[in-house]
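Geometric and topological summary
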Amino acid sequence: MIKFEKVSYDNYIESCDNLFGLNSSFKRFEAEKSYENITIPRRGTAHSAGYDFFWQFKDTVLKSGESIVVPTGIKAQMDSDVFLSILPRSGLGFKYKLGLYNTVGIIDADYYDNELNEGHIFIKIVNNGNKDLTLQRDKGYAQGIFIKYLTTSDDSTSGERKGGIGSTDKN
């Protein structure tokens, strides 16, 4: 089964708090409002490979050279031989040089609802261009493509993920 879901409200608010600090009631309100605005990723056309991730926050200017970590509020359930590749929207990359800080994101199937992690997908984007880019509420900024992969005949990996980003190094 392959599907996107929203993460829990508590997970999302905690993630926003950890990233942005939500000490003021205004910031807490913005986080709560952005949770309401989360749109499940979807394809733009019948033949699109990528599922668009939409900006759920108020319009935000990403200045030239700036980067931001985006708590998407999304998790992805997928079969064990599938991963989700995260990439910038092609048009934003072409026009503004928007990129991913780590060049490409790989979300493994066991990132979803494991022992220590709900599976919340974070995307760190960077404006590599020489002009500011306005990220607009409800507009796509990144895309995810599900890809089936193969393993070697002598693969004997048996480790299990227990956590989020970087947790496979701990096995």
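Quick look at the structure, then.

Procedures and definitions
- Residues numbered from 1 in each chain as written.
- Predicted model: local features only at pLDDT ≥ 70, side-chain atom pairs only at ≥ 80, totals over all residues.
- Heavy atoms only, no water.
- Helix = DSSP H or I, 4+ residues; strand = E, 2+ residues; numbered from the N terminus.
- Buried < 20%, exposed > 50% of the residue type's maximum accessible area, 1.4 Å probe, protein only.
- Lys, Arg positive; Asp, Glu negative; His and termini not counted.
- Salt bridge = Lys/Arg side-chain N within 4 Å of Asp/Glu carboxyl O.
- Pairing = 2+ DSSP bridges.
- Axes fitted to C-alpha atoms, helices over the stretch in contact; angles between N-to-C directions.
- Contact = heavy atoms within 4.5 Å.
- Phe/Tyr/Trp six-rings, centres within 6.5 Å; stacked < 30°, edge-to-face > 60°.
- Lys NZ or Arg CZ within 6 Å of the ring centre and 35° of its normal.

Before going further, it helps to examine the side chain of Glu30. Tracing the backbone shows Glu30 in helix 2 (residues 25–36). Here Glu30 occupies a buried position and makes no salt bridge, while the nearest side chain of opposite charge, Arg137, is found at 4.4 Å.

Let us now look at the pairing of strand 8 (residues 105–108). Here strand 8 shows one buried face, formed by Gly105 and Ile107, and one open face, formed by Ile106 and Asp108. As defined by bridge partners, strand 6 (residues 82–88) adjoins strand 8 across four bridges and the pair is classed as antiparallel. Each residue of the ladder has a partner; that of Ser85, found in strand 8, is Ile106.

Attention now goes to the sheet that holds strand 9 (residues 122–127). Ordered by their spatial adjacency, three strands build an open sheet running 4-9-7, and the pairing between neighbours is antiparallel. Each of the sheet's edge strands pairs with one partner strand only, and the pair in question is strand 4 (67–71) and strand 7 (98–100). Averaged over all pairs of adjacent strands, the angle between strand axes in this sheet comes to 30°, irrespective of strand direction. Against the sheet, helix 1 (residues 9–20) makes contact with strand 4 and strand 9, and its axis sits at roughly 160° relative to strand 4, the strand it touches most.

So, on to the packing of aromatic side chains. Taken as a whole and assessed by the stated rule, the structure comprises ten aromatic pairs. Here Phe4 and Phe53 contribute two aromatic rings whose centre-to-centre distance is 5.8 Å and whose plane-to-plane angle is 85°, an arrangement assigned as edge-to-face. Residue Phe4 is located in strand 1 (residues 3–6), and its partner Phe53 is located in strand 2 (residues 51–54); the two are separated by 49 residues in the primary sequence. Overall, Phe53 belongs to the buried group, its relative accessible area being 2%. Taking the centre distance of 6.2 Å and the plane angle of 85° together, the rings of Phe20 and Phe57 count as edge-to-face. Of this pair, Phe20 sits in helix 1 while Phe57 sits in the loop between strand 2 and strand 3 (60–62), and the two are 37 residues apart along the sequence. Its relative accessible area of 35% is what places Phe20 among the partly exposed residues. For the cation-ring pair, Lys124 lies above Tyr101, with the distance from its terminal atom to the ring centre recorded as 3.8 Å.

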